[in-house]
Amino acid sequence: PRSDCVTAEQLCLSDSTCNATYRILENCALAKTRLLPLDRDSRVRCLNAEFDLGNSSLLHCRCHRRMKRQEHCLRVFWTVHSSMTDGYFNLETSPYENPANEEHWKTDYNKLAALVSGKNCSQLAGDATNPCLKATHVCNLSKKCVRLRTEYASICTKGAGSEDVCDRRRCHRGLRNFFEKVPEDFTKRILFCPCQDEFCGERRRKTIVPDCSFQSNAKPNCLWLLDSCLEDHICKSQLADFQQNCQPADTSPDGCSLHNHAACLQAYMGMIGTPMTPNYVSNSSVEISLWCTCESSGNQKEKCDQILGMFESNKCL
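These lines cover the structure that appears in this document, whether it is placed above or below. Here the structure is a predicted model, which is why all the values come from computation and not from measurement. Sequence order sets the numbering: in each chain, residues are counted from 1 along the sequence as written. Owing to the predicted nature of the model, reporting of local features is limited to residues with pLDDT of at least 70; listing and counting of side-chain atom pairs is limited to 80 or more, with chain, interface and lining totals taken over all residues. Calculated side-chain values reflect all of the structure's heavy atoms, with hydrogen atoms and water omitted.

1. Some words on the pattern of salt bridges
Any Lys or Arg side-chain nitrogen located within 4 Å of an Asp or Glu carboxyl oxygen qualifies as a salt bridge. Under the definition given, this model contains 8 salt bridges. Ionic pairing is found between K188 and D185, a salt bridge with its closest N-O pair at 3.6 Å. With K188 and D185 both in helix 10 (residues 184–191) and 3 residues apart, this pair spans about one turn of that helix. Partly exposed residues are those whose accessible area sits between 20% and 50% of the maximum for their type, while under 20% is buried and over 50% is exposed, using a 1.4 Å probe and protein chains only. The class of K188 is buried, set by a relative accessible area of 6%. Note that K206 and E202 form a salt bridge whose closest N and O atoms lie 3.4 Å from each other. Under the relative-accessibility criterion, K206 is labelled partly exposed at 45%. Residues joined in a network through salt bridges with shared partners are E9, R23, E26 and R75. Numbering of helices and strands runs from the N terminus, with a helix taken as a DSSP run of H or I at least four residues long and a strand as a DSSP run of E at least two residues long.

Here it is, written out as structure tokens:
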């Protein structure tokens, strides 16, 4: 079985040959992070170092979404695979292990609420017409769910409706905390509740407090959002996971190349709380988008459209 990258790094550092190779890769990754151009010899040295790892556990390690030291693990992964980021918006492989299983995502609302509350679910009966309200009430039955939801909502609404600007970084951190630490049985219901009317749709659209986490006064260029994402290990990792698991396929009946909608939706959730946070664009549809534009992209218009298209017109998603 694959080891996680933190364990693999420790094993490598205890071996003098692997240690020396890994230090070369660290310098290569650092140069990329700082956007320093590498000359031909340096690029060859970096590729050779990656090749020299051969079949070591470091080259094949992965990370888990809810593991301790996740950011450290992801840093190790991208250090070893720094050559994979040469392609613009083409990260190829997700650093995460174990994509979501379809069956794992099929949960009965009332059964879930009964397990959490230990009571009958009569208090949820009145929410039948608004699944998003019902999802919120189910969340309220879990101490962890309601605590972390209240936490991010409080952070993300500070400054709303006044001249103060909300702290978007803290808001994103609160959202990531919620989606990483609360069981998916709760989070997915809040985010993907099925709506039949605009009141429900508005509640769903505002799940992530978009005034702070999603929107800004002016839409930035999508290429700028991508650059911000690639500078952050977590965002880059979630984007690689999203690209892998939400890859559309026109010839596939379900629109997905990997035929796993659960893994795609899980990857979509992972993008929330990153610089490339997506959201519903209206309260009357399930269409989603990034808050960015491809106007004034010059000769990179095609790349920009590709980024936006992965969210706006993705048949798999």
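So that's the structure; there's more coming.
2. Overview of the nonpolar core
The definition of a nonpolar core used throughout is a set of buried Ala, Val, Leu, Ile, Met, Phe, Trp, Tyr and Cys residues joined through side-chain atoms within 4.5 Å. In terms of nonpolar packing, the biggest core is built from 49 residues, with F178, F179, F242, M276, L290 and F311 touching the most fellow members. By the convention used here, residues are in contact when the closest approach between their heavy atoms is within 4.5 Å. When residues no more than four places from it in sequence are discounted, the contact partners of F242 are Q247, A267, Y268, M271, M310, F311, N314 and L317. Counting residues in each nonpolar core, the second largest holds 23 residues, with A49, C73, L74 and I234 among its members.

3. Focus on the packing of helix 7 (residues 131–140) against helix 11 (residues 198–205)
Simply put, an axis is a line fit to the C-alpha atoms, just over the touching stretch for a helix, and the angle between two N-to-C directions goes from 0 to 180 degrees. Helix 11 packs onto helix 7 with a crossing angle of 45 degrees between their chain directions and a minimal axis gap of 8 Å. What the angle tells us is that helix 7 and helix 11 run oblique. On helix 11, the residues that touch P131, C132, L133 and T136 of helix 7 are C200, R203 and R204. In terms of residue class, the contact of helix 7 with helix 11 is made up of 4 nonpolar, 1 polar and 2 charged. By definition in this entry, angles of less than 35 degrees are roughly parallel, angles greater than 145 are roughly antiparallel, angles of 65 to 115 are roughly perpendicular, and the rest are oblique. When residue character is reported, Ala, Val, Leu, Ile, Met, Phe, Trp, Tyr, Cys and Pro are called nonpolar, Asp, Glu, Lys and Arg charged, and the others, Gly included, polar.

4. Comments concerning the state of the cysteines
Disulfides are defined as pairs of cysteine sulfur atoms found within 2.5 Å of each other. Going through the model one piece at a time under the given rule, you end up with 14 disulfides. Covalent S-S linkage joins C166 and C212, the inter-sulfur distance amounting to 2.0 Å. One quick way to see it: the torsion about the S-S bond of C166 and C212 is about 100 degrees, and its sign makes the bridge right-handed. With a gap of 46 residues between them, C166 in the loop between helix 8 (143–157) and helix 9 (168–181) and C212 in helix 12 (residues 210–213) connect regions that are remote in the sequence.

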